[in-house]
Amino acid sequence: NVFAEDVASKLEAMFQHDAFFSDSAKNARIKSPIEFYVGSLKLLGADLPEKNDEWSQAGTKTRDLGQSIFDPPSVFGWDEGMPWVETRGMLERLRLADEIATSRGKDALMTWSPEKFLGKPAKWQKLDAAGCVDLVLSKLGPLVVATTTRDTLITYLTAGPGGLPGTFDLHDKDVVDEKVRGLLAIVMALPEYQRH
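The structure contained in this document is the topic of the report that follows.

### Considerations on the overall build of the protein
Scanning the protein for helices and strands turns up nine helices and zero strands. Going from the N terminus to the C terminus, the protein shows its helices and strands as α-α-α-α-α-α-α-α-α. Counting every position in the protein, which comprises 196 residues, the buried fraction comes to 34%. Taking all contacts inside the protein whose residues are at least 6 apart in sequence as the whole, residues at least 24 apart take part in 69%. Counting only carbon and sulfur atoms, one obtains 58% of the accessible surface of the protein, whose full area is about 12000 Å².

Spelled out as structure tokens, the structure:
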């Protein structure tokens, strides 16, 4: 079919154009609630237990974020962009990021493994706090953050109880379970994570 070939060649040219990959095109859209929720689960490799009714709760979670699945406010759909991250929407995203990051155990709504997320232990167990932050930013984006933000994330990883200086060792399972989960919750709350 000549028409189909013509459309295919035009689409190919459009998707391979430099403007499609330009800096202004990258991270230009704010993730919709559905993209934020489902995308986060996919990036973390989360499992939703079959005995759990989590997928039916996805509608409730995205509605709390401002997007009711299959129920737009008008025939024009949802107001995309900044309305997704206005005060209420952003607070719900922070709450959901924390819920996703800290979800663990057999009765959890979803489960994921920080070890599995980080990759092969032979590579990530040798990382210091800066390397761990860089790995997480890479896996969740890649996300480019300001130097001050990166430094704050490193400080979080190296802080001990009460915010006092502590140690960071990825050979310690408690560090992996608590600090890496905490780091992910913080990164998922960053403005850079809200865009794609």
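Now, onward.
### Thoughts on the environment of W124
Position of W124 among the secondary structure elements: in helix α6 (residues 121-124). Note on W124: relative accessible area 3%, which makes it buried. Ignoring sequence-local partners within four residues, the contact set of W124 consists of E115, L118, G119, L135, L170 and V176.

### Topic: a negative patch on the surface
Residues D169, D172, D174 and E178 make up a contiguous surface patch of negative charge. Turning to its location among the elements, D169 is positioned in the loop between α8 (147-158) and α9 (173-188). Classification of D169 as partly exposed rests on a relative accessible area of 36%.

### Describing the packing of α8 against α9
The N-to-C vectors of α8 and α9 enclose an angle of 155 degrees; their axes lie 10 Å apart at closest approach. Considering the angle they form, α8 stands roughly antiparallel to α9. Here the hand of the crossing between α8 and α9 comes out right-handed. Contacts between α8 and α9 pair L153, Y156 and L157 from the former with E178, K179, G182, L183, I186 and V187 from the latter. Partitioned by chemical class, the residues of the contact of α8 with α9 number six nonpolar, one polar and two charged.

### Concerning α9
Taking 1.5 Å of rise per residue, the 16 residues of α9 would be expected to cover 22 Å, and the 22 Å separating its terminal C-alpha atoms lies within 8% of that figure. Its buried side turned inward, α9 meets α2 (33-44), α4 (87-102), α5 (114-118), α6, α7 (129-139) and α8. The residue sitting at the N-terminus of α9 and contributing the capping side-chain oxygen is D172; that oxygen lies 2.9 Å from the backbone nitrogen of D174.

### Let's talk about unusual backbone geometry
Most of the time, phi is negative for any residue but glycine, and the peptide bond is trans. Between G141 and P142 the backbone carries a cis peptide bond, its omega angle lying at 15 degrees. Looking at the secondary structure, you find P142 in the loop between α7 and α8.

Calculation rules
Residues numbered from 1 in each chain as written. Predicted model: local features only at pLDDT ≥ 70, side-chain atom pairs only at ≥ 80, totals over all residues. Heavy atoms only, no water. Helix = DSSP H or I, 4+ residues; strand = E, 2+ residues; numbered from the N terminus. Buried < 20%, exposed > 50% of the residue type's maximum accessible area, 1.4 Å probe, protein only. Contact = heavy atoms within 4.5 Å. Areas by Shrake-Rupley, 256 points an atom, 1.4 Å probe, with all protein chains shown as cover. Patch = residues over 30% accessible without salt bridge, like charges linked within 9 Å, V, L, I, M, F, W, Y side chains within 5 Å. Salt bridge = Lys/Arg side-chain N within 4 Å of Asp/Glu carboxyl O. Lys, Arg positive; Asp, Glu negative; His and termini not counted. Charge placed at Lys NZ, Arg CZ, Asp CG, Glu CD. Axes fitted to C-alpha atoms, helices over the stretch in contact; angles between N-to-C directions. Parallel < 35°, antiparallel > 145°, perpendicular 65-115°, else oblique. Left-handed = near helix turned anticlockwise from the far one by under 90°. Nonpolar A, V, L, I, M, F, W, Y, C, P; charged D, E, K, R; others polar. Expected span 1.5 Å × (residues − 1). Polar contact = N/O pair within 3.5 Å; in protein donor to acceptor, adjacent residues only side chain to side chain.

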